[in-house]
Amino acid sequence: MCADWILMYSRNHAAHANRQLGFIETRGCQQSGFSLLELIVVITIASILIGLAIPSMRSYLQDAQRAQISTGLYLALNQARSEAVSRNVEIVVKANGGDWNNGWLAFEDRDGNGSPDGGQEPLFESDPINDSLQFEEDGGAALVRFTSSGRTTAPAEFTLCSAQPHNSRRLNAELSGRLTLTDLSNLTESQFNAACPSS
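What comes next is a walk through the structure.

Parameters and conventions
Residues numbered from 1 in each chain as written. Predicted model: local features only at pLDDT ≥ 70, side-chain atom pairs only at ≥ 80, totals over all residues. Heavy atoms only, no water. Helix = DSSP H or I, 4+ residues; strand = E, 2+ residues; numbered from the N terminus. Buried < 20%, exposed > 50% of the residue type's maximum accessible area, 1.4 Å probe, protein only. Contact = heavy atoms within 4.5 Å. Patch = residues over 30% accessible without salt bridge, like charges linked within 9 Å, V, L, I, M, F, W, Y side chains within 5 Å. Areas by Shrake-Rupley, 256 points an atom, 1.4 Å probe, with all protein chains shown as cover. Salt bridge = Lys/Arg side-chain N within 4 Å of Asp/Glu carboxyl O. Phe/Tyr/Trp six-rings, centres within 6.5 Å; stacked < 30°, edge-to-face > 60°.

Some words on the overall build of the chain
Scanning the chain for helices and strands turns up three helices and eight strands. When the helices and strands of the chain are listed from N to C terminus, the series reads α-α-β-β-β-β-β-β-β-β-α. Looking at the 199 residues of the chain, the share that counts as buried comes to 29%. Taking contacts inside the chain between residues at least 6 apart in sequence as the whole, the part at least 24 apart equals 51%.

Here you go:
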């Protein structure tokens, strides 16, 4: 009898403490998880959403790579021009292996042979371009040479193509040494197809 009274007192005291702390007593509540059918529906919807998102994400990443590559060469040419003026020597930016998709390197070329002077390390060098992207110098030139005055010995024009004109880039190096980087959104459809026939 005494034990029952102590148990009842303990329960009442605990309930009173819960109410004081803001807890709510719940009785008879049952918790249930997802049913198999609900789980299948959720997985199906998630799979559809992921399938729709993957192509857009792939396109976004490729466009970001195009912008990074074209901007990278623009900065490399600009740096090479500055080095030519400050060092009072010709600086060459050259495609690795004759292909700009293999990346490029810059170096002093005091003897004008289009190769790094004996024992000289490149001023800077880039990594190869992603295999899924194509970057071309439209005239087929494998190098851009800056004189000590900051001018180029020949103009160069690079095109990096995307399926959409506004995601495609064109980089021009003029005889004056001036560099411009633009997208191709101002081209007509026929002009864009001529510039990027494989896009």
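We are not done yet, so read on.
Some remarks on a nonpolar patch on the surface
Together, Leu36, Leu39, Ile40 and Ile43 make up an exposed nonpolar region whose accessible area comes to about 390 Å². Its location among the elements puts Ile43 in helix α2 (residues 36–87).

Some points on the packing of aromatic side chains
Enumeration over the complete set of coordinates arrives at two aromatic pairs. Measuring from centroid to centroid gives 6.4 Å for Trp100 and Trp104, while their planes differ by 50°, and the two rings are tilted. Grouping residues by exposure puts Trp100 and Trp104 together as buried. Centre to centre, the rings of Trp100 and Phe158 are 4.9 Å apart; their planes meet at 85°, and the pair counts as edge-to-face. In this pair, Trp100 is assigned in the loop between β1 (91–95) and β2 (104–108) and Phe158 in strand β6 (residues 156–160), connecting sequence segments 58 residues apart.

None of this, on its own, says anything about what the molecule does.
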